[in-house]
Amino acid sequence: MRLEPLELRLLRQGGPLLDQVRQALAAHGRPLRWAITAVEPSSEGSVLVVEAVVVVEDA
Amino acid sequence: MSTGASMAPPMPTLLVIPTGIGCDQGGYAGDALPAARLLAAASGCLITHPNVMNGAALYWSDPRIQYVEGSALNRFATGALGLRPVRRQRLGLLLDGGMEPELRQRHLQVVDGCRATLGLEIGPVITTDTPLGVHLSQGASGASWGQLERPDALLRAGEQLLAQGATAIAVVARFPEDPESEALAAYRQGSGVDGLAGAEAVISHLLSSHLGIPCAHAPALSPLPLDPGLDPRAAGEELGYTFLPCVLVGLSRAPQLVPLEGASSAVLADPQLLAREQLGAVVAPAGALGGEAVLACAELGVPLITVANPCLLDVTAAALGLEAIAASSYAEAAGFVLALREGLSPAALRRPFPRLFAPGMV
């Protein structure tokens, strides 16, 4: 098991935010601690900047 | 004299002040405690986390305040956990094997002091079989984060404490030191981010989510040289040799964490059980709304009270598209909490007061 720091930039989709962030983080490991730390405009819509630490199980 | 019999029933309220983002109030040594006490009085039941309550050598115990570690707070807010108040917890102490003998002895003396002077039940004590290897880091936002080289050692020691009867765990990890760092100087002067806080949260999140019991963390550090310009908000951390007393006191009556998935009807019917559906309000800094607990509550429709409390972040209700009641201070937020508890619309307390319909629209 190891802990990995992570920063993600997600284009905000419609609907609840919580599931969007969780699903994006789950692709990298088990989310341990995270927060949206910025919301930035872009030509395609709002970008959510997420800082996190995920747990990665060794194979 | 009236004893408050006409007071409305308690309204469980969640107070979140994220750690490690330099909040003007709550970014230092338990300096949001006065706000928490006021909100506890206004709500009759406040659920909050160690960053709000921990003042190192300073603490305040209030039966109206439920001390819930951050990851458990998130799981409560998302509906995975309920909270059951307890009379007391049996505290296990988990010490980092990387601690020097003298520092370890200082922490054991805190344990003895809390047993003798406060009457807390503490023990078993376990030392990790290898140093935890804490590293500090910073995110792009400037928020403090951290890492552990040996999370496996932390979890092994936690499992041993659980097996030996601990119902809550205080962790003390040896933290790296850089007494000459500019960041530490800024923090002590009251203008910086708590560089330890992010790593502390990672440690307690990992242990609490693994074991399912209340856990909280105190860093082990050598005492700092005297700073005559020390900011009062950071002073709680410089009164003694350890940060452990507040953690032991907070955990000693931390509520039991009750998994709700698959819980029996008897568990769910327990009148003592606090579930997120009972929340009447969530209070958070206006620029730090992007955490799991606040988002979960907002999506559930719990009234969100945002407080002007400057920090590194600018993740506001407007940026996230959330409805919020804006308060200029925790004193005003307490007024809104009391209004909600009494069934008053907070909007009725503001001026100008708009019509429901524009003239001619009815």
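For the rest of this paragraph, the subject is the overall build of chain B. A count of helices and strands for chain B gives 12 helices and 14 strands. Against the compact-globule benchmark of 21 Å for 362 residues, chain B has a radius of gyration of 21 Å, which places it among compact chains. Taken over the C-alpha atoms alone, chain B extends approximately 80 × 50 × 45 Å along its principal axes. For chain B, the proportion of its 362 residues judged to be buried stands at 56%.

Okay, the interface of chain B and chain A next. If you look at the interface, chain B gives 30 residues, while chain A gives 24 residues. The residue A:Arg22 makes a salt bridge to B:Glu292 at a minimum N-O spacing of 3.1 Å. Summed over the shared surface of chain B and chain A, the number is 10 residue pairs in polar contact (both at pLDDT 80 or more). Secondary structure elements with two or more residues in the side of chain B that touches chain A: β8 (144-148), α5 (151-163), α7 (197-211), α10 (292-300) and α11 (317-320) of chain B.

Glancing now at the nonpolar core. Ranked by internal contacts, the top residues of the largest apolar core, which has 130 residues, are B:Leu14, B:Ile169, B:Leu244 and B:Leu248. In terms of residue count, strand β3 (residues 45-56) of chain A provides more of this core than any other element does, 7 residues in total. Setting aside residues up to four positions removed in sequence, B:Ile169 forms contacts with B:Gly92, B:Leu94, B:Gly158, B:Leu161, B:Leu207, B:Leu211, B:Ile213, B:Pro214, B:Cys215, B:Ala216 and B:Leu251.

With that out of the way, let us pick up the environment of A:Thr37. Checked against the element boundaries, A:Thr37 lands in strand β2 (residues 30-42). With relative accessibility at 8%, the residue A:Thr37 sits in the buried group.

Turning to the pattern of salt bridges, a few remarks are in order. Where side chains of opposite charge bring their charged atoms close, a pairing between them can arise. Residue and element names in this part refer to chain B. Going through the model one piece at a time under the given rule, you end up with 20 salt bridges over all chains. Among the salt bridges present, the one from Asp-24 reaches Arg-233, with a minimum N-O distance of 3.1 Å. In this pair, Asp-24 sits in the loop between β1 (13-15) and α1 (33-43) while Arg-233 sits in the loop between β10 (215-220) and α8 (244-252), placing the two residues 209 residues apart along the sequence. Judged by its relative accessible area of 42%, Asp-24 is partly exposed. Across the salt bridge formed by Arg-90 and Glu-121, the nearest N and O atoms sit 3.8 Å from each other. Remark: Glu-121 occurs in the loop between α4 (101-118) and β6 (122-127) and Arg-90 occurs in the loop between β4 (81-84) and β5 (91-95); sequence separation between them is 31 residues. A single network of salt bridges, built from pairs that share partners, joins Asp-129, Arg-150, Asp-152 and Arg-156.

The next thing to look at is the sheet that holds strand β3 (residues 65-67) of chain B. All names here are of chain B. Strand order in the open sheet made by the 6 strands is β3-β2-β1-β12-β13-β14, with parallel pairing throughout. Where the open sheet ends on each side, the last strands, each with one partner, are β3 and β14 (325-327). The mean inter-strand angle of the sheet, taken between neighbouring strand axes irrespective of direction, is 25°. Two elements, strand β12 (residues 281-285) and strand β13 (residues 304-307), share 4 bridges in a ladder whose sense is parallel.

Another aspect to go through is the environment of B:Gly20. Residues and elements named next belong to chain B. Residue placement: Gly-20 occurs in the loop between β1 and α1. Gly-20 sits 105 residues away from Val-125 along the chain, and the two C-alpha atoms are 28 Å apart. Residues within four places of Gly-20 in sequence aside, it is in contact with Ala-143, Ser-144, Val-193, Asp-194 and Ala-197.

Below, the discussion takes up the sheet that holds β10(B). Residue and element names in this part refer to chain B. Spatially, β6-β5-β9-β10 is the arrangement adopted by the 4 strands of the open sheet, whose pairing is parallel. The open sheet is flanked by β6 and β10, the only strands paired with a single partner. The sheet shows a mean angle of 20° between the axes of neighbouring strands, direction not considered. In this structure, strand β9 (residues 168-174) lies alongside β10, joined through 6 bridges in parallel fashion. Pairing of Val-171 across the sheet is with His-217, part of β10.

A complete count under the given rule lists 1 aromatic pair over all chains for this structure. Centre to centre, the rings of B:Tyr28 and B:Tyr187 are 5.1 Å apart; their planes meet at 15°, and the pair counts as stacked. With B:Tyr28 in the loop between β1 and α1 and B:Tyr187 in helix α6 (residues 182-188), this pair connects stretches of sequence that are 159 residues apart. By relative accessible area, which is 5% here, B:Tyr187 ends up buried. A cation sits over an aromatic face here: A:Arg33 above B:Trp145, 4.9 Å from the ring centre. When the ring centre of B:Trp60 is taken as reference, the NZ or CZ atom of B:Arg37 above it lies at 3.6 Å.

So, about the confidence of the model for chain B. Of the residues in chain B, 98% reach a pLDDT of 70 or more, and the chain-wide mean stands at 94. Scoring the predicted complex yields pTM 0.95 and, for the interface, ipTM 0.97.

Procedures and definitions
- Residues numbered from 1 in each chain as written.
- Chains lettered and ligands numbered in written order.
- Predicted model: local features only at pLDDT ≥ 70, side-chain atom pairs only at ≥ 80, totals over all residues.
- Heavy atoms only, no water.
- Helix = DSSP H or I, 4+ residues; strand = E, 2+ residues; numbered from the N terminus.
- Rg over C-alpha atoms; globule rule 2.2 N^0.38 Å.
- Buried < 20%, exposed > 50% of the residue type's maximum accessible area, 1.4 Å probe, protein only.
- Contact = heavy atoms within 4.5 Å.
- Salt bridge = Lys/Arg side-chain N within 4 Å of Asp/Glu carboxyl O.
- Polar contact = N/O pair within 3.5 Å; in protein donor to acceptor, adjacent residues only side chain to side chain.
- Core = buried A, V, L, I, M, F, W, Y, C linked by side-chain atoms within 4.5 Å.
- Pairing = 2+ DSSP bridges.
- Axes fitted to C-alpha atoms, helices over the stretch in contact; angles between N-to-C directions.
- Phe/Tyr/Trp six-rings, centres within 6.5 Å; stacked < 30°, edge-to-face > 60°.
- Lys NZ or Arg CZ within 6 Å of the ring centre and 35° of its normal.
- pLDDT = per-residue confidence, 0-100.

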